[in-house]
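Each chain, written out:
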Amino acid sequence: MSKAQSKPEGVTPSQTVGPYFAYGLTSNGKYDWNDAFSNNLVTADTSGERVRVEGRVFDGDGNPMVDCMLEIWQADAQGRFSDPQDKRALPNSSFKGFGRCGTDADGRYAFDTIKPGIVHDPDGKPQAPHLVLAVFARGMLLHLYTRIYFGGEAANTTDPVLVLVPVDRRATLIAQQAHCNGNAVYSLDINMQGDNETVFFDV
Amino acid sequence: MTLSYPLQSLTAHPPRLSPGYKSTVKRSPTKPLIPMRHTLSELTGPVYGHETVRENDNDLTLQGKGEPLGERIIVHGHVLDEDGRGVPNTLVELWQANACGRYVHVVDQHPAPLDPNFTGAGRTQSDSEGYYRFVTIKPGAYPWGNHHNAWRPAHIHFSVFGHSFVSRLVTQMYFPGDPLFPFDPIFNSVTDEKARNRMVSDFDLENTQPDWALCYRFNIVLRGRNATPMETK
């Protein structure tokens, strides 16, 4: 069933996900609904360095945001996106590059994934390995975009996006390697406000 | 065809700090967002197909052992880009309260009954022309703690992906003529009246099924317009 569409006057405005999205979007076994997505992106044929990226989300009073939904989007270890708009060969055929996680009672999140490869910017300059992160929550009428970079990457100093960020705020985007027993664990907190307010991007 | 995503399209959205909606005060950034050019990381996005959607995921009246209580409705429409082209094969998720205004969620404890035959969660994939369709129950209004005697107008939450990670949209669909509209700070956080009305579905008599269900049409317009003005067909 289809109808000819006239040109829209604009996009549909965003509204908050509200406090009750968990059963529909991030059930994680707590509700009688199967999740479309999880926080584990690794599939059987995924090559690359396995990493866990974790942290907590805090509001302007420093209270953990326990009703937050985070989504990440990333390239595979070869810098390819699982999207037909990326026309290059896809070495990891079942790696989707997308993950979703609801924060827990401590405001904690975690993604199990692989460290992405190099993605070039529109000028052909290499970007340092990064995840794109979207943050949704009650009290957020429009989600926020930020990025998660990996501590210890030499490429961070020349990344064409990181260099746009004032030097004293770059640390809010770089996950630090916390510990390593088997898989590398990187840690980064998201602060909506305050001295360490996370850098968000206008994209 | 390549889509571009000018920032200008974002002006339809509500300001992140909308003090009438109190939770925004501590949950919106205080520092300006940093502009950057879109790279492949922003211009691509997740693609999810039929494997994600099960039979009956788009019919919320068939998910329990029996029929849920309330007013059965059809909600359908197109997912479109800003040029009015259908966004094909994109995942559309929804969640909503039941007919009494109660959500299946541990945090929702307001004194209205749960319906054992209604979860309020659904998903579907738009077809090759961007068309989607759900069968569900009309959700009830419900009280919330934002201010004295605060009630949310009846609404259905939608989550849509689109062509790229920057076309991602989470919104709420409202029902025409709701008397609660003037009093709801979330609805009114969208300050432009025309933009606000794009969140209100249209009653659709033509597609109402006689003796069975009223129908509402809700088109969802995502970011993205033709990057090359002289498109040749």
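Everything numeric here is computed off the predicted structure, so don't read it as measured data.

Definitions and cut-offs
Counting from 1, residues in each chain are numbered in the order their sequence is written. Just so you know, chain letters begin at A and ligand numbers begin at 1, following the order they were written in. For this predicted model, a pLDDT threshold of at least 70 governs which residues receive local features, and a threshold of 80 or more governs which side-chain atom pairs are given and counted, while totals over whole chains, interfaces and linings are taken from all residues. Values reported for side chains reflect all heavy atoms of the structure, with hydrogen atoms and water molecules removed beforehand. A run of H or I in DSSP becomes a helix once it reaches four residues, and a run of E becomes a strand once it reaches two; helices and strands are each numbered from the N terminus. Radius of gyration here uses only the C-alpha atoms, and the compact-globule reference equals 2.2 Å multiplied by the residue count raised to the power 0.38. To sort residues, take the accessible area from a 1.4 Å probe on protein chains only and compare it with the maximum for the residue type: under 20% means buried, over 50% means exposed, and anything in between is partly exposed. Whether two residues touch is decided by their heavy atoms; if any such pair falls within 4.5 Å, the residues are in contact. Residue burial considers only the protein chains on display, and all accessible areas are found by Shrake-Rupley using a 1.4 Å probe. Just so you know, the count uses Lys and Arg for positive and Asp and Glu for negative, and it drops His and the chain ends. For this purpose, a charge sits on NZ of Lys, CZ of Arg, CG of Asp or CD of Glu. Strands are labelled as partners when DSSP assigns at least two bridges between them. Lines fitted to C-alpha atoms define the axes here, with helix axes fitted over just the stretch in contact, and angles between the N-to-C directions of these axes take values from 0 to 180 degrees. Exposure above 30% relative accessible area and the absence of a salt bridge qualify a residue for a patch, where like charges join within 9 Å and nonpolar side chains (Val, Leu, Ile, Met, Phe, Trp, Tyr) within 5 Å. For this analysis, a salt bridge means a side-chain nitrogen from Lys or Arg found within 4 Å of a carboxyl oxygen belonging to Asp or Glu. Residue-level confidence of the predictor is summarised by pLDDT, bounded by 0 at the bottom and 100 at the top. The term buried area means the drop in 1.4 Å probe accessible area that two parts suffer when joined, counted for both and summed. By the convention adopted, Pro, Cys, Tyr, Trp, Phe, Met, Ile, Leu, Val and Ala count as nonpolar, Lys, Arg, Asp and Glu as charged, and the other residues, Gly among them, as polar. The criterion is simple. A nonpolar core is a set of buried Ala, Val, Leu, Ile, Met, Phe, Trp, Tyr and Cys residues joined through side-chain atoms within 4.5 Å.

### Some remarks on the overall build of chain A
For step 1, the next point in the chain: The number of helices and strands found in chain A is one helix and twelve strands.
For step 2, the next point in the chain: Secondary structure elements of chain A, listed N to C terminal, follow the sequence α-β-β-β-β-β-β-β-β-β-β-β-β.
For step 3, the next point in the chain: Taking 203 residues into account, the globule formula puts the C-alpha radius of gyration at 17 Å, and chain A, at 18 Å, falls close to it.
For step 4, the next point in the chain: C-alpha extents for chain A along the principal axes are approximately 50 × 45 × 35 Å.
For step 5, the next point in the chain: The buried share of chain A, reckoned over its 203 residues, is 56%.
For step 6, the next point in the chain: Across chain A, every contact between residues at least 6 apart in sequence was considered, and the portion connecting residues at least 24 apart equals 65%.
For step 7, the next point in the chain: When the accessible area of chain A is evaluated, it comes to approximately 7,900 Å², of which 47% is carbon and sulfur surface.
For step 8, the next point in the chain: The average position of the 18 basic charges and that of the 25 acidic charges among the side chains of chain A differ by 5 Å.

### Observations concerning the overall build of chain B
For step 1, the next point in the chain: Tallying secondary structure elements over chain B gives two helices and 14 strands in all.
For step 2, the next point in the chain: Computed over the C-alpha atoms, the radius of gyration of chain B is 19 Å, within 12% of the 17 Å expected from 2.2 N^0.38 for a compact globule of 233 residues.
For step 3, the next point in the chain: C-alpha extents for chain B along the principal axes are approximately 50 × 40 × 30 Å.
For step 4, the next point in the chain: Relative to its full complement of 233 residues, chain B shows a buried share of 58%.
For step 5, the next point in the chain: Long-range contacts, defined here as pairs at least 24 residues apart, represent 71% of the contacts in chain B between residues at least 6 apart.
For step 6, the next point in the chain: Of the accessible surface of chain B, which amounts to about 10,100 Å², a share of 57% is contributed by carbon and sulfur atoms.
For step 7, the next point in the chain: For chain B, the separation between the mean place of its 23 positive charges and that of its 24 negative charges on side chains is 10 Å.

### Focus: the sheet that holds strand E9 (residues 155–160) of chain B
The strands that make up a sheet pair up through hydrogen bonds in the backbone, lying either parallel or antiparallel.
Residues and elements named next belong to chain B.
For step 1, the next point in the chain: Across the sheet, which stays open at both edges, the four strands sit in the order E5-E4-E9-E10 with antiparallel pairing between neighbours. In this open sheet, the two strands that pair with only one neighbour each are strand E5 (121–125) and strand E10 (169–174). Each strand axis lies, on average, 25 degrees off the axis of its neighbour in the sheet, ignoring direction.
For step 2, the next point in the chain: Here strand E4 (residues 91–96) pairs with E9 via five bridges, running antiparallel. Residue pairing across strands places Glu93 opposite Ser159, the latter belonging to E9.

### Examining the pairing of strand E4 (residues 108–114) of chain A
All names here are of chain A.
For step 1, the next point in the chain: Taking burial as the measure, the seven residues of E4 include five buried ones, the bulk of the element.
For step 2, the next point in the chain: Pairing geometry for strand E1 (residues 50–58) and E4, over seven bridges, is antiparallel. Each bridged residue has a counterpart across the sheet, and for Gly55 the counterpart in E4 is Tyr109.

### Regarding a nonpolar patch on the surface
For step 1, the next point in the chain: Taken together, the side chains of Phe203, Leu205 and Leu214 of chain B make up a nonpolar region of the molecular surface, amounting to roughly 290 Å² of accessible area.
For step 2, the next point in the chain: Mapped onto the secondary structure, Phe203 of chain B falls in strand E11 (residues 202–203).

### Re unusual backbone geometry
Negative phi values dominate among residues other than glycine, just as trans dominates among peptide bonds.
Residue and element names in this part refer to chain B.
For step 1, the next point in the chain: Notably, Asn89 is not glycine yet its phi reads approximately 55 degrees, a positive angle.
For step 2, the next point in the chain: Of note in this structure, Asp211 is not a glycine but carries a positive phi near 60 degrees.
For step 3, the next point in the chain: Mapped onto the elements of the fold, Asp211 is located in the loop between E11 and strand E12 (214–217).
For step 4, the next point in the chain: Looking at Asp211, the relative accessible area reads 85%, which means it is exposed.

### Observations regarding the environment of Cys100 of chain B
Residue and element names in this part refer to chain B.
For step 1, the next point in the chain: Secondary-structure assignment places Cys100 in the loop between E4 and E5.
For step 2, the next point in the chain: Classification of Cys100 as partly exposed rests on a relative accessible area of 37%.
For step 3, the next point in the chain: Those residues in contact with Cys100 that sit more than four places away from it in its chain are His110, Ala112, Pro113, Gly140 and Ala141.

### A few points about the environment of Pro143 of chain B
All names here are of chain B.
For step 1, the next point in the chain: Summarising the element assignment, Pro143 is placed in strand E7 (residues 142–144).
For step 2, the next point in the chain: With relative accessibility at 29%, the residue Pro143 sits in the partly exposed group.
For step 3, the next point in the chain: Sequence-wise, Pro143 and His163 are 20 residues apart; in three dimensions their C-alpha atoms are separated by 36 Å.
For step 4, the next point in the chain: For Pro143, the residues in contact, after removing those within four places along its chain, are His110, Ala150 and Trp151.

### Focus: the confidence of the model for chain B
For step 1, the next point in the chain: For chain B, the mean per-residue pLDDT works out to 95, and 97% of the residues sit at or above 70.
For step 2, the next point in the chain: Here the complex is predicted with pTM 0.96, and the ipTM for its interfaces comes to 0.96.

### Considerations on the interface of chain A and chain B
For step 1, the next point in the chain: Taken together, the 83 residues of chain A in the interface contact 97 residues of chain B.
For step 2, the next point in the chain: Buried surface at the junction of chain A and chain B, summed over both partners, amounts to about 7,800 Å²; 57% is from carbon and sulfur atoms.
For step 3, the next point in the chain: With five residues, strand E7 (residues 130–137) of chain A is the largest single contributor of residues to the side of chain A that touches chain B.
For step 4, the next point in the chain: Considering only residue class, the side of chain A that touches chain B consists of 42 nonpolar, 20 polar and 21 charged.

### A look at the nonpolar core
For step 1, the next point in the chain: Among the nonpolar cores identified, the biggest contains 44 residues, and Phe201 of chain A together with Trp95 of chain B are the most heavily contacted of them.
For step 2, the next point in the chain: If we skip the residues at most four places from it in the chain, Phe201 of chain A touches Tyr145, Thr146, Arg147, Val161, Val165 and Leu173 of chain A together with Leu33, Ile34 and Met36 of chain B.

### Looking at the pattern of salt bridges
For step 1, the next point in the chain: What the rule picks out here adds up to 22 salt bridges over all chains.
For step 2, the next point in the chain: Here Glu67 of chain B and Arg72 of chain B are joined by a salt bridge, their closest N and O atoms 3.1 Å apart.
For step 3, the next point in the chain: Each of Lys7 of chain A together with Asp81, Asp83 and Arg85 of chain B takes part in one network of salt bridges that share partners.

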